Amino acid sequence: MLAGINMKYNKLSGAIPSEIGLVGNGAGGNFGSILDLSENSLTGAIPEEFYDLTTLSSYIDLKSNQLTGTISTKIGQMTNMQNYMDFSGNDFTGTFPTQVGLLTDMTGYMDFKSNKLSGVLPAQIGGMTKMNNYLDLSGNKFTGQIPEELFDMTKMTHYLDIHNNN
């Protein structure tokens, strides 16, 4: 089993290949726990196959690229993710997928700041009741009221940031 991939700070450019979903033993196979593609010049949308990496459990970092498009509802099938998910500093658009609330084992760090996400924050985000450390949704274009369910994350003791939205 491949333990992980770290390609941070490599001046990578172009799109994330759809074949990424085949890393390991077949579609979403035994990938391991770490995928770091941050601080590059990757462009385009995240391929749907990316979300087939369902064995990832510790660390996904896509921050500070030039990724565009929406965040797929398939993010909700990455239910093994527990510690670190960073999609910040890109150009993602569209609504924040309600399926993020299915990441019920997520405890540590989730960052979607500085994108162009819009619409209302979904109530389902409150389903991440084990989240205890860091959730940053600042610097987007969210509108409307803060969902009451956000306060169901009663273990959150460190950082919840939703500033600089609409």
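Everything below is about the structure shown above.
In what follows, the accompanying structure is described.

Rules behind the numbers
Counting of residues starts from 1 at the beginning of each chain's written sequence and follows it residue by residue. Local features in a predicted model are, by the rule used here, given only for residues with pLDDT of at least 70; side-chain atom pairs are given and counted only at 80 or more, and totals for whole chains, interfaces and linings are based on all residues. To get the side-chain values, take all heavy atoms of the structure and skip hydrogens and water. By the convention used here, strands pair only if DSSP detects at least 2 bridges between them. Per the convention used, a helix needs a DSSP run of H or I reaching at least four residues, while a strand needs a run of E reaching at least two, with both numbered from the N terminus. Relative accessibility decides the category of a residue: with a 1.4 Å probe and only protein chains considered, values under 20% of the type maximum give buried, values over 50% give exposed, and everything between is partly exposed. Pairing of N or O atoms within 3.5 Å defines a polar contact, subject to two protein rules: one partner must be a possible hydrogen donor and the other a possible acceptor, and residues neighboring in sequence count only if both atoms are side-chain atoms. Working definition: a ring pair exists when centres of Phe, Tyr or Trp rings (six-membered ring for Trp) sit within 6.5 Å. Plane angles under 30 degrees give stacked, over 60 give edge-to-face, the rest tilted. Comment: axis = line fitted to C-alpha atoms, over the contacting stretch for helices; angle = value between 0 and 180 degrees taken between N-to-C directions.

1. With respect to the pairing of strand S10 (residues 116-119)
Next up, step 1: Across 3 bridges, the pairing between strand S8 (residues 91-95) and S10 is parallel. Considered in S10, the bridge of Thr93 is made with Lys116.
Next up, step 2: Sheet analysis places S10 next to strand S12 (residues 141-142), joined by 2 bridges and oriented parallel. Within S12, the residue paired with Gly119 across the bridge is Phe142.

2. Digging into the sheet that holds S8
Next up, step 1: Spatial ordering of the open sheet is given by S2-S4-S6-S8-S10-S12, a layout of 6 strands whose pairing is parallel. This sheet does not close on itself; its edge strands, each paired only once, are strand S2 (13-14) and S12.

3. Some words on the environment of Asn140
Next up, step 1: Of note, Asn140 is situated in the loop between strand S11 (134-136) and S12.
Next up, step 2: For Asn140, a relative accessible area of 5% translates into the label buried.
Next up, step 3: Here the alpha-carbon distance between Asn140 and His158, two residues 18 residues apart in the chain, equals 21 Å.
Next up, step 4: Within polar-contact distance, the side chain of Asn140 engages the backbone nitrogen of Lys116 at 3.4 Å.

4. Notes on the packing of aromatic side chains
Next up, step 1: In total, this model carries 10 aromatic pairs according to the counting rule given.
Next up, step 2: On the basis of an interplanar angle of 5° and a centroid distance of 4.3 Å, the ring pair of Tyr59 and Tyr84 is categorised as stacked. Note that Tyr59 is positioned in strand S5 (residues 59-61) and Tyr84 in strand S7 (residues 84-86), a separation of 25 residues in sequence.
Next up, step 3: For Tyr84, a relative accessible area of 15% corresponds to the buried category.
Next up, step 4: Taken together, a centroid distance of 4.7 Å and an interplanar angle of 10° make the contact between Tyr134 and Tyr159 stacked.

5. Some details on the sheet that holds S7
Next up, step 1: Across the sheet, 7 strands lie side by side as S1-S3-S5-S7-S9-S11-S13; this open sheet has parallel pairing. Looking along the sheet, the strands with just one partner apiece sit at the ends: strand S1 (4-6) and strand S13 (159-161). Mean inter-strand twist for the sheet, computed between neighbouring axes without regard to direction, equals 10°.
Next up, step 2: For S7 and strand S9 (residues 109-111), the ladder comprises 3 bridges, and the chain directions are parallel.

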